[in-house]
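Now for the letters of each chain:
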Amino acid sequence: MKICLLVLSLLFPAALAAQTPNERAVAITFDDLPFASVPTEEDAALGAMTERLLQAVHASAVPAVGFVNEAKLYRDGSLDPARVELLRRWLAAGLELGNHTYSHVSLNRVPLDVFEADLLRGETVTRSLMEGAGRPLRWFRHPFLHQGKTPEVRAAFQDFLNQHGYVVAPVTVNNSEWIFAVAYARAQAQGDLEAARRIGAAYVPYMQAVFAHAEQLALDLFGRNIAQVLVLHANALNADYFPALAAMLTQRGYRFISLDQALQDRAYQSPTTVTGSEGESWLEVWSRAAGLRPPQQAPVPAFVTQWAGTAALRGY
Ligand SMILES: [Zn+2]
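Below or above, wherever it landed, is the structure these notes cover.

Some thoughts on the overall build of the protein
Then, number 1: Along the protein, the regular secondary structure elements total 13 helices and nine strands.
Then, number 2: For the protein, buried positions account for 53% of its 316 residues.
Then, number 3: Within the protein, residue pairs in contact and separated by at least 24 positions form 84% of the contacts whose partners lie at least 6 positions apart.
Then, number 4: Summed over all atoms, the accessible surface of the protein reaches about 13,300 Å², with 54% contributed by carbon and sulfur.

Concerning the packing of aromatic side chains
Then, number 1: The final tally for this structure, using the stated rule, is 13 aromatic pairs.
Then, number 2: Judged by centre distance (5.9 Å) and plane angle (15 degrees), the rings of Phe157 and Phe160 are stacked. Taken as a pair, Phe157 and Phe160 lie in helix α7 (residues 151-163) at a separation of three residues, close to a single helical turn. Across the pair, Phe160 and Phe157 agree in class, each one buried.

What about the coordination of the zinc ion?
Then, number 1: The protein atoms that coordinate the zinc ion are Asp32 (OD), His100 (NE2) and His104 (NE2), at distances spanning 2.1 Å.
Then, number 2: Of note, the zinc ion draws all its donor residues from one chain, in the sequence arrangement D-x67-H-x3-H. With Asp32 in strand β1 (residues 24-33) and His100 in the loop between β5 (96-99) and α5 (112-121), this pair connects stretches of sequence that are 68 residues apart.
Then, number 3: By relative accessible area, which is 2% here, Asp32 ends up buried.

Section: the environment of Ala236
Then, number 1: Topologically, Ala236 is positioned in helix α10 (residues 236-251).
Then, number 2: Ala236 sits in the buried class, given a relative accessible area of 3%.
Then, number 3: Separated by 48 residues in sequence, Ala236 and Gln188 place their C-alpha atoms 9.5 Å apart.
Then, number 4: Residues in contact with Ala236, not counting those within four places in the same chain, are Ala36, Ser37, Val38, Pro39, Met49, Tyr184 and Gln188.

Some thoughts on the pairing of β1
Then, number 1: With nine of 10 residues buried, β1 lies mostly within the body of the structure.
Then, number 2: With three bridges joining them, β1 and strand β9 (residues 254-256) adopt parallel strand pairing. Within the sheet, the bridge partner assigned to Ala25 lies in β9 and is Arg255.
Then, number 3: Here β1 runs beside strand β8 (residues 227-233); their pairing, made up of seven bridges, is parallel. What sits directly across from Asp31, in β8, is His233.

Looking at the nonpolar core
Then, number 1: The biggest cluster of nonpolar side chains holds 102 residues, and the ones touching the most others in it are Ile28, Phe30, Met207 and Phe242.
Then, number 2: For this core, the element with the highest residue contribution is helix α9 (residues 193-222), accounting for 15 residues.

Describing α5
Then, number 1: Along α5, the positions that sit buried rather than exposed are Phe115, Glu116, Asp118 and Leu119. End-on view of α5: buried residues confined to an arc of 160 degrees, all on one side of the axis.

Section: the pattern of salt bridges
Then, number 1: Counting across every chain of the model gives 19 salt bridges.
Then, number 2: A salt bridge links Arg127 to Glu123, with the shortest nitrogen-to-oxygen separation between them at 3.0 Å.
Then, number 3: Here Arg127 falls in the partly exposed class, since its relative accessible area comes to 22%.
Then, number 4: A network of salt bridges, in which partner residues are shared, links Glu41, Asp43, Arg75, Asp80 and Arg83.

What about unusual backbone geometry?
Then, number 1: The amide bond that connects Leu33 to the next residue, Pro34, takes the cis arrangement and shows omega of 10 degrees.
Then, number 2: Relative to the elements of secondary structure, Pro34 occurs in the loop between β1 and α3 (43-59).
Then, number 3: Phi is positive for Ser37, close to 50 degrees, though the residue is something other than glycine.
Then, number 4: Mapped onto the elements, Ser37 comes out in the loop between β1 and α3.

The rules behind these values
Residues numbered from 1 in each chain as written. Predicted model: local features only at pLDDT ≥ 70, side-chain atom pairs only at ≥ 80, totals over all residues. Heavy atoms only, no water. Helix = DSSP H or I, 4+ residues; strand = E, 2+ residues; numbered from the N terminus. Buried < 20%, exposed > 50% of the residue type's maximum accessible area, 1.4 Å probe, protein only. Contact = heavy atoms within 4.5 Å. Areas by Shrake-Rupley, 256 points an atom, 1.4 Å probe, with all protein chains shown as cover. Phe/Tyr/Trp six-rings, centres within 6.5 Å; stacked < 30°, edge-to-face > 60°. Donors = N, O, S within 2.8 Å, 3.2 Å for Na, K, Ca; no water. Pairing = 2+ DSSP bridges. Core = buried A, V, L, I, M, F, W, Y, C linked by side-chain atoms within 4.5 Å. Arc of directions from axis to C-beta. Salt bridge = Lys/Arg side-chain N within 4 Å of Asp/Glu carboxyl O.

What follows is the structure, encoded as structure tokens:
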């Protein structure tokens, strides 16, 4: 531990300068709006799913940000008012929307100009909705957490974000919630409610292990808890299990904070470096830069992966 802190203090002097009280705080974000991993894409079901999710978020007083893929607002080439209405509900619930690109494209896999065009295409409806609510559109979340493979791409993209008034929304609590969500939606779609119940029951204990992992990384790197940022998705699993997830976090001592509040933690002044790795959290990138080997991620139970099937290999 002493060696770790020593290495870290050389790499990130600012990171160790301010030790905040040892409280636990987390900002919660939902990606792939208006929906991901649902048993059916019928309008009524999507409306009900969104309503349940937003009620659960509201009940726990979570100031969440939702990240939109506007491609999902279109059906048969036309903007679907029912799907735009799902986004309006997020705003009506007092939550903020951000940009997650139009078509969930990866900055590691397409040229920068293609990526930037997709990002701009993905702000049309969201910017209009946000401005209608009197709020600026400012958050950007990288799909797959892919941040670009070279320092040149990353620097050029940062310039682009600055020019367009976007702030990157980091993730420190990386996880495979989406595999549970794919499995849950498939079990429900096949009418196997017992399997869906088992998958849901395994979800919160899994997330508890995920948080223990992120807490340990923060402790190894900074010698304290940091304000964490969790990524989840707008899916049927969270519509049904977010109350249990929030209860677990509260019991673990977490306070729910906004993304703005989280980024005030000086940990976020630590540089992120190119690793060439796929989809890592900021904590994992910082760990690698400090020469630490992050402990193994919490495992997803085999029966959950089996239910998710080949979709689990696709990644989010
Ligand atoms: Zn995504």
